[in-house]
Amino acid sequence: MESLYDFLTVFAQPQLLLLVAVGTFAGVYVGAIPGLSVTMAVSILISFTFSWDVYPAISLMIGIYMGGVYGGSRTAILLNIPGAPSAIATALDGYPMAKRGEAGTAIGVTTVMSFIGGFIGIGVLALAAPLVSDFALRFQPRDYMLLAVLGILLVGSLSQGSLVKGIFAGALGIAVGAVGRDPLTFAERFTFDFRILEGGISFIAVMIGMFGVSEALLQLHHVNKDAVRQKISRVIPSLATVKKHLPLSLQTSTIGVTIGALPGTGGDIAALMAYDHAKRVTKNPDREFGDGAMEGLVAPETANNAAVGGAFIPMMTLGIPGDAVTAIMIGALFIHGLNPGPMLMIDQPDMFWFIVGALVAANFFMLFFGLTGIRLFTKIVEMPRAVLIPLILLLSIVGAYAVNNSITDVYWMLGFGVFGYFMRHYGYPLGPVILGVILSRLLDDNWRRAIISEREDLGRFFEGVFSSPLSAVLLLAVILIFVSQTPVWAWAKARLSRSTKGAEE
Amino acid sequence: MQHIEPEHHDGTSDATPGASDVTRRPGELVFGVFLLASSLGLLWSAYGIAGFEALSSPGAIPMATSAVMVMAAAVVVVKTIRLPMDVTETLARDILPVKVVIFAALLVAYGILLKPLGFLPTSALFLITGIKLLAKRNWGWTLFVSLGSLFVIWLIFRIVFTVLMPSGIVPEAEFIQFFRNLINGEGA
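Residues numbered from 1 in each chain as written. Chains lettered and ligands numbered in written order. Predicted model: local features only at pLDDT ≥ 70, side-chain atom pairs only at ≥ 80, totals over all residues.

Assigned secondary structure in chain B consists of 7 helices and 0 strands. Residue burial in chain B is summarised as follows: out of 188 residues, 30% are buried. Counting contacts in chain B only where the partners sit at least 6 residues apart, residues at least 24 apart contribute 61% of the total. (Helix = DSSP H or I, 4+ residues; strand = E, 2+ residues; numbered from the N terminus. Buried ≥ 20, exposed ≤ 12 C-beta atoms within 10 Å, placed from the backbone. Contact = placed C-beta atoms within 7 Å.)

Structure (structure tokens):
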């Protein structure tokens, strides 16, 4: 009963509902405008809303998150430019549809499917998180440590990039998070005797640099690209279309929630995996994939919105972010004096149910804004990048400065911005860096707690790991990810397939 | 998972990284070597925290992570050396065009000027230069767009988010107070 009341908080307070609505509306456009991404928007916003109360700040961010994950699809369909990373797969079939004059249908289907996916994600969050958090109380420090390592590895192994570069990025993040005086012993770490480094590096500066500045610099390559306009037909899809794709959407939503719930991996990876899945299970598509198959829209769009709910599961229950945006939200909760983790779910369940409520509200607003205002939309999206990029850079600077009123943070942001720019070019993922920075403290504390409780004995430590099923599974998962990237794996796979073939003959 | 090849392989997202695994982009090796060298530096610095004193020492995790960085960077460098150079790309066009260098310099200049000049004049200068460089439109349009958007940003952040930026040479606070007095005066 209590939780129902907390769940309805957002609907009972017009001010919060309005903020969710504003957030979702802004999110749709932030997601849609190429060059503006949700991660960027949320990381800049965190520095502006830190003087607010926690509910309004979270309302706004959730709106932007939900709207933004969806918004990218519009530009993907209309202009063949994915407005947000999570819409990269959407462009593959959405744009061919638009070229055939079915842009309206494509947008309609995308919107409804995002809505369905969003709900499945939220449903799973509401059901699973309380269970996971009960379970999480039994987590040992070593389990937290292993989970953090697993999260950092997952991005590199599930994306199309290289695992080694992902590992490097994650380790770099942990190192950046360790800069400053050690909170336990007060020893200086990575300060190189600079006074300025003793307090550590502001993670907000790192985030804005990595996701704001570096993205804006990257967009400088595309300043003069012009977009082709498409005609928009009927938007609201027929019930038959929705019904036809419902089974697929349920499958891809499941993929979305799962990928979202895995630490570190979010909507962009979920969408690509769902697209891949749809391609394999759709036997006789009306049109080929890549030539405007409706299934190619349904799969990534349900998955990326389902991933939103999924990403909150590890964030709320364990304090381990499900993707880059939830990593930033954890930062926001820290700033507001809250400490996400199993204790938050027990001490302040209202926060959890409030977030679920806000997500539901945001999902409805997304459906509403998705099916209306398309005319206005095409105007806004054509805002020239020549104006947009300098504005993003200005906002990034203001954001980095505003948190601590410190010009040093601005320089950190610039440094990480330029560094992130090169990392993007050379295929180093940025997600693990942020994950590493956020999880650095957790990893460090839990390692030291774990090893001290085993009296500094590595043998005893591993004995402990293998005597607990959970730790053993986590360690195995970590090892498996490593092995899957080595030649041994390919060799074993080849052997295996040969032997099954042999058995068939 | 099957490899999906989207058109936008430019590093905008972790799911579609900027590098390729069959060719080496210009400067990729240099970047890798730079990372390796810095990781070695970090490892040395981490060793200096507590050496091999104890598994629970403040230096344990820093040493472990920087060791991982060194190993990962070394693997990347070795892998990159083996790849053939991508001949279709050049450093000046595809990786670091002049525009990017100019904007990075503009950002540094912004940081230097922010304290002495203040938020409004610095931002105005930054936006005007930036938009003029990118849009290549006439001065009237440039001034209108940049000053207009600066005004909107200032309104939103100063009034809604109450963010305080260095005021520098513009007497912002007095200005706002003047308007407050004006409005209150009318109301009374």
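So, about the overall build of chain A. Helix and strand counts for chain A come out as 22 helices and 2 strands. For 505 residues, the compact-globule estimate of 2.2 N^0.38 gives 23 Å, and chain A sits close to it at 23 Å. Projected onto the principal axes, the alpha-carbon positions of chain A cover approximately 70 × 70 × 55 Å. Counting all 505 residues of chain A, 60% fall into the buried class. Across chain A, every contact between residues at least 6 apart in sequence was considered, and the portion connecting residues at least 24 apart equals 78%. (Rg over C-alpha atoms; globule rule 2.2 N^0.38 Å.)

Glycine aside, residues mostly have negative phi, and peptide bonds are mostly found in the trans state. You will see that A:Arg455, though not glycine, has its phi angle at about 50°, which is positive. Residue A:Arg455 is classed as exposed on the basis of its C-beta count, with 10 C-beta atoms lying within 10 Å. Of note in this structure, B:Lys136 is not a glycine but carries a positive phi near 55°. Summarising the element assignment, B:Lys136 is placed in the loop between α5 (119–135) and α6 (139–160). For B:Lys136, a count of 11 C-beta atoms within 10 Å gives the class exposed.

Our next topic: the packing of helix α3 (residues 38–48) of chain A against helix α17 (residues 385–404) of chain A. Residues and elements named next belong to chain A. Close contact between α3 and α17 brings their axes to 8 Å; oriented N to C, the two are set at 40°. As judged from the angle between their axes, α3 and α17 are oblique. Crossing hand, α3 versus α17: left-handed. Facing α3, whose interface residues are Ile44, Ser47 and Phe48, α17 presents Leu395, Ser396, Gly399, Ala400, Ala402 and Val403. (Axes fitted to C-alpha atoms, helices over the stretch in contact; angles between N-to-C directions. Parallel < 35°, antiparallel > 145°, perpendicular 65-115°, else oblique. Left-handed = near helix turned anticlockwise from the far one by under 90°.)

What follows is about the interface of chain B and chain A. Taken together, the contact pairs 68 residues of chain B with 74 residues of chain A. When residues of the side of chain B that touches chain A are traced back to their parent elements, those giving at least two are α1 (28–50), α2 (60–82), α4 (98–117), α5 and α6 of chain B. A total of 11 residues in the side of chain B that touches chain A trace back to one element, the largest contributor, which is α2(B). For the side of chain B that touches chain A, a count of residues per class yields 44 nonpolar, 17 polar and 7 charged. (Nonpolar A, V, L, I, M, F, W, Y, C, P; charged D, E, K, R; others polar.)

Glancing now at the packing of helix α8 (residues 163–178) of chain A against helix α19 (residues 431–453) of chain A. Residues and elements named next belong to chain A. Direction vectors running N to C along α8 and α19 enclose 50°, while the axes themselves pass 7 Å from each other. The angle between α8 and α19 places the two elements in the oblique class. The handedness of the crossing between α8 and α19 comes out as right-handed. Judged by residue contacts, Gly166, Ala169, Gly170, Ala171, Leu172, Gly173, Ile174, Val176, Gly177 and Ala178 of α8 engage Pro432, Val433, Ile434, Leu435, Gly436, Val437, Ser440, Arg441, Leu443 and Asp444 from α19. Across the contact of α8 with α19, the residue classes tally to 12 nonpolar, 6 polar and 2 charged.

Here the focus is the environment of A:Met329. Residues and elements named next belong to chain A. Mapped onto the elements, Met329 comes out in helix α13 (residues 324–335). Spatially, the C-alpha atoms of Met329 and Pro300 are 24 Å apart, while their sequence positions differ by 29 residues. Setting aside its immediate chain neighbours within four residues, Met329 contacts Met61 and Met315.

Moving on: α17(A). Given 3.6 residues to a turn, an α-helix orients residues that are three or four positions apart in the same direction. All names here are of chain A. Over its 20 residues, α17 runs 30 Å from end to end, which matches the ideal 28 Å to within 8%, given 1.5 Å per residue. Of all 20 residues in α17, 17 are buried, a share of seventy percent or more. Positive phi appears at Asn405, one or two residues downstream of α17, with a value of about 50°. (Expected span 1.5 Å × (residues − 1).)

Right, let's talk about the domain arrangement of chain B for a bit. We note that the domain assignment places domain 1 (28–94) and domain 2 (97–187) within chain B. Spacing between the C-alpha centres of domain 1 of chain B and domain 2 of chain B amounts to 40 Å. (Domains from an automatic or database assignment.)

Moving on: the environment of B:Phe178. Within the secondary structure, B:Phe178 is located in helix α7 (residues 172–187). When the C-alpha atoms of B:Phe178 and B:Leu133 are compared, they prove to be 36 Å apart, with 45 residues separating the residues in sequence.

Counting residues in hydrophobic clusters, the biggest one holds 218 residues, and the most contacted among them are A:Met61 and A:Phe168. Shared between two domains, this core holds at least three residues of each, these being domain 1 (28–94) and domain 2 (97–187) of chain B. With near-sequence residues (within four places) excluded, A:Phe168 lies in contact with A:Tyr428, B:Leu35, B:Met69, B:Ala72, B:Ala73 and B:Val76. (Core = buried A, V, L, I, M, F, W, Y, C linked by C-beta atoms within 7 Å.)

Next up on the list: α13(A). Residue and element names in this part refer to chain A. Here α13 is 12 residues long and its end C-alpha atoms lie 17 Å apart, about the 16 Å a rise of 1.5 Å per residue gives. With 10 of 12 residues buried, α13 is to be regarded as a mostly interior element. Regarding α13, the residues found buried are Ala324, Val325, Thr326, Ala327, Ile328, Met329, Ile330, Gly331, Ala332 and Leu333. Where α13 is buried, its residues contact α3, α4 (54–79), α9 (203–219), α12 (295–318) and α19. Looking one or two residues beyond α13, the residue adopting positive phi is Gly337, at roughly 80°.

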